[in-house]
Amino acid sequence: MRDAIEKDPELAIGTAKEFLETLSKTILSERGAILTGNEVLPALVRTTIMSLSIVPPGIADPAQSEETLTALLRNLGSIGHQLAEVRNQLGTGHGRQSQHVGLQRGHAKLVVGAATTLAVFLYECHEADKERE
């Protein structure tokens, strides 16, 4: 995905969407959720966020911390919707006309960076939850 930023920004964008989708499905599956295969990325990300313990045990004022972090994650969760939109409009997965002009390296860096930031956080919360079980 990171290599594609330089060589094929549209591929990097499509792969970032698929990466976040795969990670969300994996987390949800490991947590016992039943997936139909028809889930859309924004819903997958929201469901994944809601399935995780966002605030670790022992935090002072956990209710306030959870409220703040959940709000931040909701904002980050909108990445799922935006990734799907950008990928559909400008990434891989759809045929293009021969005169198509795509996004540039900077755009791909933005999309890949946003997707990986969210994915790493979700995965780390999932792993921490598993360790506490």
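Coordinates for the structure precede this section.
Structure report, in brief. Computed from a predicted model, the values in this text were never measured in an experiment.

## Some words on the overall build of the chain
Part 1 of the reasoning: A tally of helices and strands in the chain yields five helices and zero strands.
Part 2 of the reasoning: In the chain, the order of α-helices and β-strands from amino to carboxyl end is α-α-α-α-α.
Part 3 of the reasoning: Relative to its 133 residues, the chain shows a buried fraction of 34%.
Part 4 of the reasoning: Restricting the contact set of the chain to residue pairs at least 6 apart, pairs at least 24 apart contribute 70%.
Part 5 of the reasoning: Counting every atom, the chain has about 7900 Å² of accessible surface; 54% of that belongs to carbon and sulfur.

## Here we look at the packing of helix α2 (residues 9-30) against helix α5 (residues 105-132)
Part 1 of the reasoning: One can describe the packing of α2 onto α5 by two numbers: an axis separation of 9 Å at closest approach and a directional angle of 10°. When the axis of α2 is compared with that of α5, the two are roughly parallel. Relative to α5, α2 is oriented so that their crossing is left-handed. Between α2 and α5, the residues in contact are P9, A12, I13, A16, F19, L20, L23, I27 and E30 and R105, A108, V111, V112, A115, T116, L118, A119, L122, Y123, H126 and K130, respectively.

## Here's the deal with the side chain of D129
Part 1 of the reasoning: The residue D129 is located in helix α5 in this model.
Part 2 of the reasoning: Classification of D129 by relative accessible area gives buried; the value is 5%.
Part 3 of the reasoning: Of the polar contacts made by the side chain of D129, one reaches the backbone nitrogen of S53; its length is 2.9 Å.
Part 4 of the reasoning: Apart from the residues within four sequence positions on either side, D129 is in contact with R31, S51, L52 and S53.

## Side note on the pattern of salt bridges
Part 1 of the reasoning: Applying the stated criterion across every chain, the model contains seven salt bridges.
Part 2 of the reasoning: For the salt bridge of R132 with D129, the shortest nitrogen-to-oxygen distance reads 2.7 Å. You can see R132 and its partner D129 sitting in helix α5, three residues apart, about one turn around the helix.
Part 3 of the reasoning: For R132, a relative accessible area of 38% translates into the label partly exposed.
Part 4 of the reasoning: Several salt bridges converge on common partners, so that one network encompasses K17, E21 and K25.

## A few points about the nonpolar core
Part 1 of the reasoning: Formed by 24 residues in total, the largest nonpolar core has its most connected members in L20, L83, L118 and L122.
Part 2 of the reasoning: If you list the elements that add at least two residues to this core, you get α1 (2-7), α2, α3 (41-51), α4 (62-90) and α5.
Part 3 of the reasoning: The element best represented in this core is α5, accounting for eight residues.

Definitions and cut-offs
- Along every chain, residues carry numbers that run from 1 in the direction the sequence is written.
- Only residues with pLDDT of 70 or above have their local features reported here, since the model is predicted, and side-chain atom pairs are shown and tallied only from 80 upward, although totals for entire chains, interfaces and linings are computed over all residues.
- With hydrogens and water excluded, all non-hydrogen atoms of the structure serve as input to the side-chain values.
- Numbering of helices and strands starts at the N terminus; helices are DSSP runs of H or I of at least 4 residues and strands are runs of E of at least 2.
- Exposed residues in this analysis have more than 50% of their type's maximum accessible area, buried residues have under 20%, and partly exposed residues fall in between, with area computed by a 1.4 Å probe over protein chains only.
- By definition, residues are in contact when any of their heavy atoms lie within 4.5 Å.
- In these tables, accessible area is a Shrake-Rupley quantity obtained with a 1.4 Å probe, and a residue counts as shielded only by the protein chains included in the view.
- Each axis is a line fitted through C-alpha atoms, taken for helices only over the stretch in contact, and angles between the N-to-C directions span 0 to 180 degrees.
- In what follows, roughly perpendicular refers to angles from 65 to 115 degrees, roughly parallel to angles under 35, roughly antiparallel to angles over 145, and oblique to any angle outside these ranges.
- Rotating anticlockwise by less than a right angle from the far helix to the near helix defines a left-handed crossing, while the corresponding clockwise rotation defines a right-handed one.
- Polar contact criterion, stated in full: a pair of N or O atoms within 3.5 Å, where within protein one must be able to donate a hydrogen and the other to accept it, and residues adjacent in sequence count only if both atoms are side-chain atoms.
- By definition, a salt bridge exists where a carboxyl oxygen of Asp or Glu is found within 4 Å of a side-chain nitrogen of Lys or Arg.
- What makes a nonpolar core is a set of buried Ala, Val, Leu, Ile, Met, Phe, Trp, Tyr and Cys residues whose side-chain atoms join them at distances within 4.5 Å.

In short, shape yes, function no, at least from these values alone.
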